[in-house]
Amino acid sequence: MLISGEGGMGKTSLLRVFVNICHERNILNSIFSFRLPTSGPIEVMLHLSQGLGWANFGEFREELTSINPQLSTKSEQGVTSGIHIELALSGFDIEERQARLSIITNAFFTDLRALLLQTQTVACFFDDIEIAGPITQDWLCNSFLESAYHTSGTVVVLAGRQVPELNREWKNSVIHHRLDSIRNVEDWIEYQKEIAPILEIETIRMFCKASEGRPLEIAMMLSKLVSERG
């Protein structure tokens, strides 16, 4: 699934709702934000594997260790530094680097498929996809998503102000939701009744106009006003 929209439209909030639903339903999940200081392909897979259970990714760990045996990949801690492995990969020529990244990605999904035999469904969420560098975006939207497509039980959600254009044969299996501003006061009535039944319609109308319909901003305005009124 792709979720796009300008800042303040609620993309991150929606991902949090998805994560909460996963927790309620005991669905294994992991969320990665590209706002993290390091966000290369290795760092992404490391973060996901630690969120899904570092001990479940033995083959993935072995491939990381093969790049540099001195790197720590202790299964009980999951303390491997992705940036160090990215640096180790940078010491190879382009073809060797791509080949090794492909092997590491395959190892990650081999472990993921074994995990899915136990849990049936795994969800991976990505936020701020537009911040990812070109190499990471290319890997994510091709190698990673293609592997996910062929891994039954894997749910992937990408969110960002701009989301990548998918041109692979499996793009028809992807749903794209664009979050837009909500300027119609009537659309806020039910929400308003839940948190502040005493608010006047004119107040909501004013908030819609001031925020240009940005959901997150309107929700914050309503919550603040309710708090102030006690």
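Right above here is the structure, for reference.
Residues numbered from 1 in each chain as written. Predicted model: local features only at pLDDT ≥ 70, side-chain atom pairs only at ≥ 80, totals over all residues. Heavy atoms only, no water.

S.K.: Would you mind going over the pattern of salt bridges in detail, with residue names and values included?
M.R.: Under the counting rule described, the total for this entry stands at two salt bridges. One salt bridge in this structure joins Arg35 and Asp128, with 3.2 Å as the shortest N-O distance. Of the two residues, Arg35 sits in the loop between β2 (28-33) and α2 (41-53) while Asp128 sits in the loop between β3 (122-127) and α6 (134-149), which places them 93 residues apart along the sequence. A relative accessible area of 57% means that Arg35 is categorised as exposed. Put simply, Arg100 and Glu96 hold a salt bridge, and the shortest N to O gap is 2.8 Å. One end of the pair is Arg100 and the other is Glu96, both in helix α5 (residues 94-119) and four residues apart, which spans about a single turn. (Salt bridge = Lys/Arg side-chain N within 4 Å of Asp/Glu carboxyl O. Helix = DSSP H or I, 4+ residues; strand = E, 2+ residues; numbered from the N terminus. Buried < 20%, exposed > 50% of the residue type's maximum accessible area, 1.4 Å probe, protein only.)

S.K.: Report on helix α3 (residues 58-67), specifying residues and quantitative values.
M.R.: For α3, the full list of buried residues reads Phe60, Arg61, Leu64 and Ile67. Down the axis of α3, the smallest arc covering the buried residues is 110°, so these residues share one side. (Arc of directions from axis to C-beta.)

S.K.: Talk me through the side chain of Ser49; I want residue IDs and the actual numbers.
M.R.: Tracing the backbone through its elements, the reader meets Ser49 in helix α2. Relative accessible area serves as the criterion here: at 0%, Ser49 is assigned to the buried category. When sequence neighbours within four positions are dropped, the list of residues in contact with Ser49 reads Trp54, Phe57, Phe60 and Phe108. (Contact = heavy atoms within 4.5 Å.)

S.K.: So, the packing of aromatic side chains: which residues are in play, and what are the values?
M.R.: Summed over the entire model, instances satisfying the criterion amount to 12 aromatic pairs. Taken together, a centroid distance of 6.3 Å and an interplanar angle of 90° make the contact between Trp54 and Phe60 edge-to-face. Aromatic rings pair up to connect Phe32, Phe34, Trp54, Phe57, Phe60, Phe108, Phe109, Phe126, Trp139 and Phe144 into one cluster. Positioned over the ring face of Trp54 is Arg61, at 5.8 Å from the centre of the ring. (Phe/Tyr/Trp six-rings, centres within 6.5 Å; stacked < 30°, edge-to-face > 60°. Lys NZ or Arg CZ within 6 Å of the ring centre and 35° of its normal.)

S.K.: How would you summarise unusual backbone geometry if you had to cite specific residues and measurements?
M.R.: Phi at Asn26 is positive, roughly 55°, even though this residue is not glycine. Secondary-structure assignment places Asn26 in the loop between α1 (11-24) and β2. Owing to a relative accessible area of 69%, Asn26 belongs among the exposed residues under this scheme. Of note in this structure, Asp128 is not a glycine but carries a positive phi near 60°. Assessed through its relative accessible area of 9%, Asp128 is described here as buried.

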